[in-house]
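What follows is the residue order along each chain.
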Amino acid sequence: MLSFFWLRCLLKMVKGNVIVPEDILSFCCNGLQGSTSAPRAREPGEQEEARGAMASPPAAHNPTEVQMSQLVQPCHTNHRGELSTGQLLKWIDTAACLSAERHAGCPCVTASMDDIYFEHTISQPSASPAGQRDGRSALGVGQVVNIKAKVNRAFNSSMEVGIQVSYEDLCSGKHCSICKAYATFVAQGPMGSKVRLEPVIPQTEEEKIEYSIAAERRRMRLVHKDTLKDLLTSSPQETELETRDGSGAVPAERTRVESVELVLPPHANHQGNTFGGQIMAWMENVATIAASYPTLRAIEMFHFRGPSQVGDRLVLKAIVNNAFKNSMEVGVSAEAYGQEMSVSRRHINSAFMTFVVLDQQGQPRTLPMVAPEPGDGERRYREASARKKIRLDRKYVVSCKQTEVPLSVPWDQSNKVYLSYNNVSALKMLVAKANWALAREKEKVRMYTLEEDKFLSFRIEMSVCIPASRAFSLLSNLRRRHEWDSHYVSAELVQKVDDDDMIYHVVSQKLRNENKPQDFVILASRRKPCSKGDPYVVAFRSVTLPTHPARPEFTRGETLCSGFCIWPESQEMSKVAYYNQAMPGYLTYVTTNVAGLSSDICSTFEACEKFLLKNKEDLISRLQDF
């Protein structure tokens, strides 16, 4: 209610300068409805026309979208009567490949499949007594799997395909989500040559968000190995087995499984290569045997390193790397060779799968420990522990909805990549939102507001005569912000994480009715454009550091999402936009300063313009590359 009150007060205050109809006041206070249009201000006549329209125009159809429905047959189920995960992976890969080839207009191959977290297994409660099964009523049989795939973004010769999987029970009408996945495909021309792809043009708000964040997911894939190496370097050398009672540990060697599959024509795709989904299904099968037939909960990225063809033999190896309290990690690899006596084997793929064992109530059982083999086994054991921490951090920071992520997440080496991802993607999601309402326009400065859920968001923008790269360099340096923003007292660079991410301790002015200033620990993440049309991005969010706890002389403040986006309009002109997703603490400040808020924001942004113009030829700033 606090944010609605503020919005009503603000719009009353600036009503004389609002260029939308007068009844936008009641419209905004009753909530903003969803839209598939691009974020922009409405012209005076547009809103009235939309209200009087009989129906909204249909959303533009994405030409790359593929929808597939599969009826679960007995041959698709495992020993428990549930849909086999391997079969599901084949269906996912098929739908994703069709979507990729629709966009590319040529054959495509699977390069990788990102982490997959399975929310549900596909099973149908039997109408017969517990435990009674027969061939006609196997669990899962008769249900429908719905798969939707579409290209989120195309890069040079690769593209990201987003896949959503759900199931429906035709008898009860129940619908349920199974998983969401992202796959990378590479387009191939004649003789395996690379094909330069046309860009994807997102239409809806959802597509614009996925398009924008696809660049961040690509960045995470490229640094994943380095993240694991850094964590292993910084973690203690002693293994978990040395710190726990391992008297009942199961030797890892007893879980080793090896299988050989001959690639036949039915296993190949239309290019003659082994179908990627088939390889993933075989890998899931041997991993399940190694884990003694538990329930698969997550798969860490599949990464295809090379093709295999009809006639090849695929050697599939699996072993339990580590067992935790309620889950275990199984490592699985696929190698290929061309003939029975061939010595050299080609590494095709590798993945890590997380399994749980459920009791009769569906709760995870406590698992015995695993005793690793000396040498290579101990390395895999330690790496599994590191991957578990990375998975938890990634799921905690990346997979949560924006409203579920705490304001100040503890920062450390293991989650730095995912905090940076969350920081930038949250800002990009805010930028792509529709229904921004123009609240005030003063000379070149335009102020917009957006009411959504419990958040009240601001957008302030203007055009400045400065190259976008120069504005990006100046605005990403928080140590200079006090030169134009009177709310900032100081900003100390606490830690330079890398060239794109830095942590600052910021001190701001006292709030009204407060007897001490605020301080913040801020992660600043910056990104240059990934491709033409992308903005320069500088994103801010709160983190916690053990070296900078809350101190009695300050009121510790927090920010969830704020930052700058800078679009080049020409070689010498840029559109600079600042975004802030206001939280309850900030709304308190807003409601006590309604009278001067709008003019204060505009004055601050006008000071920002003067700062940019004054320093755009600054040689130090020009050469500085944080």
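Residues numbered from 1 in each chain as written. Predicted model: local features only at pLDDT ≥ 70, side-chain atom pairs only at ≥ 80, totals over all residues. Heavy atoms only, no water.

Trainee: How do you make sense of helix H9 (residues 416–431) when you look at a structure like this?
Mentor: An α-helix turns once every 3.6 residues. As a result, residues three or four positions apart point the same way. Between its terminal C-alpha atoms H9 stretches 23 Å, which fits the 22 Å expected from 16 residues at 1.5 Å a residue. With 15 of its 16 residues buried, H9 lies for the most part within the structure. (Helix = DSSP H or I, 4+ residues; strand = E, 2+ residues; numbered from the N terminus. Expected span 1.5 Å × (residues − 1). Buried < 20%, exposed > 50% of the residue type's maximum accessible area, 1.4 Å probe, protein only.)

Trainee: Sorry, what's going on with the nonpolar core here?
Mentor: As a rule of thumb, nonpolar side chains are buried together in soluble globular proteins. The biggest cluster of nonpolar side chains holds 69 residues, and the ones touching the most others in it are Met159 and Ile163. Looking at this core element by element, the count peaks at 9 residues for helix H4 (residues 85–104). Counting residues in each nonpolar core, the second largest holds 37 residues, with Leu456, Leu474, Ile522 and Val538 among its members. (Core = buried A, V, L, I, M, F, W, Y, C linked by side-chain atoms within 4.5 Å.)

Trainee: How should I be thinking about the sheet that holds strand S8 (residues 257–262) in this particular structure?
Mentor: By way of backbone hydrogen bonds, the strands of a sheet pair with one another, either parallel or antiparallel. Spatially, S3-S9-S13-S12-S11-S8 is the arrangement adopted by the 6 strands of the open sheet, whose pairing is antiparallel. One side of each edge strand has no neighbouring strand; the edge strands of this open sheet are strand S3 (116–117) and S8. With 2 bridges joining them, S3 and strand S9 (residues 295–300) adopt antiparallel strand pairing. Of the residues in S9, the one forming a bridge with Ile116 is Ile299. Sheet contacts for helix H7 (residues 276–290): S8, S9, strand S11 (313–323), strand S12 (328–337) and strand S13 (346–356); angle to S11, the most-contacted strand, approximately 45°. (Pairing = 2+ DSSP bridges. Contact = heavy atoms within 4.5 Å. Axes fitted to C-alpha atoms, helices over the stretch in contact; angles between N-to-C directions.)

Trainee: Just checking my understanding: could you explain the pattern of salt bridges for this structure?
Mentor: Opposite charge on two side chains permits them to pair, given that their charged atoms come into close proximity. Tallying each qualifying case throughout the model produces 31 salt bridges. Taking the shortest distance from any N to any O, the salt bridge between Arg379 and Glu383 comes out at 3.0 Å. Of the two residues, Arg379 and Glu383 are both situated in helix H8 (residues 376–399); the distance of 4 residues between them amounts to about one turn of the helix. Overall, the relative accessible area of 38% leaves Arg379 in the partly exposed class. Residue Glu553 pairs with Arg551 through a salt bridge whose shortest N-O separation is 2.7 Å. (Salt bridge = Lys/Arg side-chain N within 4 Å of Asp/Glu carboxyl O.)

Trainee: I tried to follow the packing of aromatic side chains on my own but got confused; where do I start?
Mentor: How two aromatic rings sit relative to each other is set out by the distance from centre to centre and by the angle between their planes. Taken as a whole and assessed by the stated rule, the structure comprises 5 aromatic pairs. Arranged with centres 5.8 Å apart and planes meeting at 70°, the rings of Trp436 and Tyr579 form a pair that is edge-to-face. A residue pair is termed long-range when its members are at least 10 positions apart, and Trp436 in the loop between H9 and strand S16 (437–442) and Tyr579 in strand S25 (residues 574–582) qualify at 143 residues. Measuring from centroid to centroid gives 6.4 Å for Phe540 and Phe564, while their planes differ by 85°, and the two rings are edge-to-face. Note that Phe540 is positioned in strand S22 (residues 536–544) and Phe564 in strand S24 (residues 561–568), a separation of 24 residues in sequence. Its relative accessible area of 3% is what places Phe540 among the buried residues. Judged by its relative accessible area of 1%, Phe564 falls in the buried class. Three or more aromatic residues link up through ring pairs in this structure, and these residues are Trp484, Phe540, Phe564 and Tyr578. (Phe/Tyr/Trp six-rings, centres within 6.5 Å; stacked < 30°, edge-to-face > 60°.)

Trainee: Whenever I open this one, H7 confuses me. Can you help?
Mentor: Its 15 residues place the ends of H7 21 Å apart at the C-alpha level, agreeing with the 21 Å of an ideal helix rising 1.5 Å per residue. Counting buried residues along H7, 13 of its 15 residues qualify, which places the element largely inside the surrounding structure. Phi for Ser292, located one or two positions after H7, is positive at around 65°.

Trainee: When you look at the sheet that holds strand S5 (residues 158–168) in this model, what are you seeing that I'm missing?
Mentor: Here we have 6 strands laid out as an open sheet, ordered S1-S4-S5-S6-S2-S10, and antiparallel in their pairing. Single-partner strands in this sheet number two, and they are strand S1 (66–71) and strand S10 (302–303). The pairing of strand S4 (residues 144–154) with S5 spans 10 bridges and is classified as antiparallel. Its bridge partner being in S5, Arg153 is matched across the sheet by Glu160. Against the sheet, H4 touches S1, strand S2 (108–113), S4, S5, strand S6 (175–187) and S10, its axis set at about 40° to S4.

Trainee: Is there a simple way to explain unusual backbone geometry in this structure?
Mentor: Positive phi, normally seen in glycine, also occurs at Asn435, with a value near 70°. Residue placement: Asn435 occurs in the loop between H9 and S16. On the basis of relative accessible area, Asn435 is assigned to the buried category, the value being 10%. One non-glycine residue, Glu443, lies in positive phi territory at about 55°. Here Glu443 is to be found in the loop between S16 and strand S17 (445–452).

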